[in-house]
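# Summary of structural features
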Amino acid sequence: MTTTPEFQFNYGNPGLATTPVARRSADAPLFAAIDAMVAPLSSEEYAFIAKDSGERHVLSHHVLQSLDQCREFRSIDEHVARVAAVVPGLTQHERIRKGLEGLASTGLLISDRDYIARLERAPDTRPRSLHAVYIRACDRPGQLRLLLDSLANYERKHRVARSVVLLDDSVEEKNRDTNRDLLREFARAVGNPVSYVGPAERARLRQRLVKAVPQAKSIVEWLLDRGPRTRRGGGGRSWNIALLLSAGRLFAMLDEDFRFPLHRHADTRPGLEPNPAVAASARFYRRLEDALDSGEEEMQDPFEAHLAVCGDRLGAAITRDEYRLDRESLRGINLGRLEHLRGDARILGTLNGTSGSSGTESALWLYQLDAESRASFWADRESYLRNIEAQSLWYGWLRAKPATHAYFLPFLFDNRQILPCTNPDGRGEDGLASAATHYCHPDSLVMHLPTAIGHAQESPRKRSEVTMAPHTPRFNHYLRDYVTNQVGSAKASDPARRLALLGEITADLAAADDSTLVGSLQEYLGFVRADVVERLQNQFELLPDAPVYWQADVREIVRNNGSALLRQASPRLADWPEDFGAGACAEAARAELLDMAQAWRDWPALWNAAREQGDRLISGL
């Protein structure tokens, strides 16, 4: 442990204090205090243990106070002014500067350049290729036709012929027949190899997997197919099938109502957004067609553009010109907020934004927009009433942004190491899968790229009704947040062992009595509704000049969620019937938790069996 007496400040004469003036220069390096564990050694000395390196120092109380004021990336001048203004007794700027420069030379303050250099890694030289493009379809052949036509144009333009697999979960036989014909037309038009997976193919897939993993027989049908245990529709069945058919490889996934080409909004810019607090932006349009055409068409092959970063490490991605982490983007960010940025963090999924219809069921997020997005959202009453339905917009990030979780369907997946299955029932399967992935791969990331894919639903949605009602999440949202809270509980390095443990943790929750399960559901609903109230009240207070129609809706949303928060009612999630009492809610939660627990325990064996069979698995269907 290093003692650092040279870092003791001479407090000077308080009467000689000068007014703090922070000089700010674009060329001046930025510094931030490194993250560390602190333990008292005496009333005046503390052990300071760097989290990254484990290096140990002994610091005085006042030096520790000064470091505490330097957590954000700012210039030495700005830090000097801050310390002089906040830490009692420290007034002489030059002495403070000398002390901070000493801390920087010892590495307790890290410069922006050193921080970025420590993140950077050499690109992965191993070739990465796309196994297939999977398309999830369910009773919307009109939308599938538009997607395949637009995909065919892209394939011709870039002179490629990728394998396309249609995962058809349609209920109506006539829609399955139409979808199969559309896939044949696509194959004839562009020459791509195609595969169709409908009910018969899913049945054969189940048989092959059960033969390889007999102990998983009870869960395979529920995970991959409609059957007696199916509770509701959802994209999770096709998601799980794609993970098995691509086990050990990278793949792309689309929904049938997506549409090419990809676009970049005029406001997007190169570089990386390091700040996790920065939200996506939105722009609003009068017509759906205007939203679909907004921005500039992405000229490069979108699959190759995403493949350039998907599967690589973050440190390698930021060496690319379009994703470089520039020094100025770090300004004002607390270094502790950047824990997710690790040079060796593997990017397991890449995402696009959306142009056209929103992919969300509720539009609550519209009431927490940034200033420029708000100006487009509430420009006038007529457009506001149209925009609250989120039917014709552009939504995405203005520059690439890494994150620990994804709440929408990724465009590309790195499935070379096991990715966990998700709930086949209900909406929100994408967020649940992401939470389970982060549990199994805690150092992994997803990357939002500054491109948007078209999203044109078959009919307009009335999202404002859901927005104004008390916020009621679905079961997959409840389990997603429960899993997120468990991250860190596993110590094993093997992601399969972690997933098995997640199954046991979920089974433990399912084994609780009714009173405990009801309490868990009530606590969750109380938390999410209180969060809505707090966030919107803050927005309301920060925007006193907001249009009256926006203010009126915010008041109603706050009032409705506040009333639901105070009302004694059964803890019903949105997937369950409105007449469910507390006991029925506990029973429903227990049944779904038990199914997911068993699925996560059996999934490693199923995934490994699928990986061993490789292309034989899909060719045999």
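Details of the structure are given in the entry above.
Let us look at the structure shown here. As the structure is a prediction and not an experimental result, all values here were calculated from the model. (Residues numbered from 1 in each chain as written. Predicted model: local features only at pLDDT ≥ 70, side-chain atom pairs only at ≥ 80, totals over all residues. Heavy atoms only, no water.)

The helix and strand tally for the protein chain stands at 22 helices and 19 strands. In terms of C-alpha radius of gyration, the protein chain reaches 27 Å, essentially the compact-globule figure of 25 Å for 621 residues. Principal-axis analysis of the C-alpha atoms gives the protein chain an extent of 85 × 55 × 55 Å. In the protein chain, which comprises 621 residues, the proportion classed as buried is 55%. Across the protein chain, the fraction of contacts at a sequence separation of at least 24, relative to all contacts at a separation of at least 6, is 83%. (Helix = DSSP H or I, 4+ residues; strand = E, 2+ residues; numbered from the N terminus. Rg over C-alpha atoms; globule rule 2.2 N^0.38 Å. Buried < 20%, exposed > 50% of the residue type's maximum accessible area, 1.4 Å probe, protein only. Contact = heavy atoms within 4.5 Å.)

With that settled, consider the pairing of strand 10 (residues 194–197). Alignment of strand 9 (residues 164–168) against strand 10, held across four bridges, turns out to be parallel. Within strand 10, the residue paired with Leu 166 across the bridge is Tyr 196. Note on the crossover from strand 9 through helix 6 (residues 173–190) to strand 10: the handedness is right-handed. (Pairing = 2+ DSSP bridges. Right-handed = clockwise from strand over helix to strand, strands pointing away.)

Moving on, we get to helix 15 (residues 429–440). Residues spaced three or four apart along an α-helix point in a common direction, a consequence of the helix completing one turn every 3.6 residues. Here helix 15 is twelve residues long and its end C-alpha atoms lie 16 Å apart, about the 16 Å a rise of 1.5 Å per residue gives. In terms of residue burial, helix 15 counts as a mostly covered element, since twelve of its twelve residues are buried. Among the residues making up helix 15, those that are buried are Glu 429, Asp 430, Gly 431, Leu 432, Ala 433, Ser 434, Ala 435, Ala 436, Thr 437, His 438, Tyr 439 and Cys 440. Considering only its buried residues, helix 15 is in contact with strand 8 (130–137), helix 9 (236–245), strand 15 (347–356), helix 17 (475–486), helix 18 (495–510) and helix 21 (582–613). (Expected span 1.5 Å × (residues − 1).)

A few words on the nonpolar core. Of all hydrophobic cores here, the largest spans 100 residues; its most connected members are Leu 245, Phe 260, Trp 600 and Trp 603. The leading source of residues in this core is helix 21, at 13 residues. With near-sequence residues (within four places) excluded, Trp 600 lies in contact with Pro 420, Cys 421, Leu 432, Ala 436, Leu 479, Val 483, Leu 499, Ala 500, Leu 502, Gly 503 and Thr 506. Listed in part, the 48 residues of the second largest apolar core include Phe 31, Ala 33, Leu 90 and Leu 109. (Core = buried A, V, L, I, M, F, W, Y, C linked by side-chain atoms within 4.5 Å.)

The next subject is the layout of surface pockets. Computed from the structure, the second largest pocket encloses a volume of approximately 600 Å³. It is helix 4 (residues 112–119) that provides the largest number of residues to the lining of the second largest pocket, a total of three residues. (1 Å grid on protein atoms, 1.4 Å probe; cavity = no way out; pocket = protein on both sides within 12 Å on 5 of 7 lines; lining within 4 Å. Points joined across faces, edges and corners; volume = space filled by probe spheres on them.)

Turning next to the side chain of Ser 444. Mapped onto the secondary structure, Ser 444 falls in the loop between helix 15 and strand 19 (445–455). Looking at Ser 444, its side chain comes within polar contact range of the main-chain oxygen of His 441, at 2.7 Å. Setting aside its immediate chain neighbours within four residues, Ser 444 contacts Arg 346, Leu 348, Thr 437 and His 438. (Polar contact = N/O pair within 3.5 Å; in protein donor to acceptor, adjacent residues only side chain to side chain.)

So, about helix 5 (residues 141–158). Between its terminal C-alpha atoms helix 5 stretches 26 Å, which fits the 26 Å expected from 18 residues at 1.5 Å a residue. Looking one or two residues past helix 5, Arg 159 carries a phi angle of roughly 55°, positive in sign.

A few words now on the side chain of Gln 69. Locating Gln 69 in the fold gives a position in the loop between helix 1 (61–68) and strand 6 (74–75). When near neighbours in sequence (up to four residues on either side) are disregarded, Gln 69 contacts His 79, Arg 82, Val 83, Val 86 and Val 87.

Below, the discussion takes up the packing of helix 17 against helix 21. The contact between helix 17 and helix 21 brings their axes to 12 Å, and the two run at 55°. Comparing their axes, helix 21 and helix 17 come out oblique. The two elements helix 17 and helix 21 meet at a crossing, and its hand is right-handed. Only Ala 589, Glu 592, Leu 593, Met 596 and Trp 600 of helix 21 make contact with helix 17, whose side of the interface consists of Phe 475, Leu 479 and Val 483. Class assignment for the residues of the contact of helix 17 with helix 21 results in seven nonpolar, no polar and one charged. (Axes fitted to C-alpha atoms, helices over the stretch in contact; angles between N-to-C directions. Parallel < 35°, antiparallel > 145°, perpendicular 65-115°, else oblique. Left-handed = near helix turned anticlockwise from the far one by under 90°. Nonpolar A, V, L, I, M, F, W, Y, C, P; charged D, E, K, R; others polar.)

Time to look at the pairing of strand 3 (residues 36–40). Strand direction decides the pairing type here: strand 3 and strand 4 (residues 45–50), joined by five bridges, are antiparallel. Opposite Ala 36, over in strand 4, you have Ala 50 as the bridge partner. Connecting strand 3 to the antiparallel partner strand 4 that follows it, the hairpin turn spans four residues.

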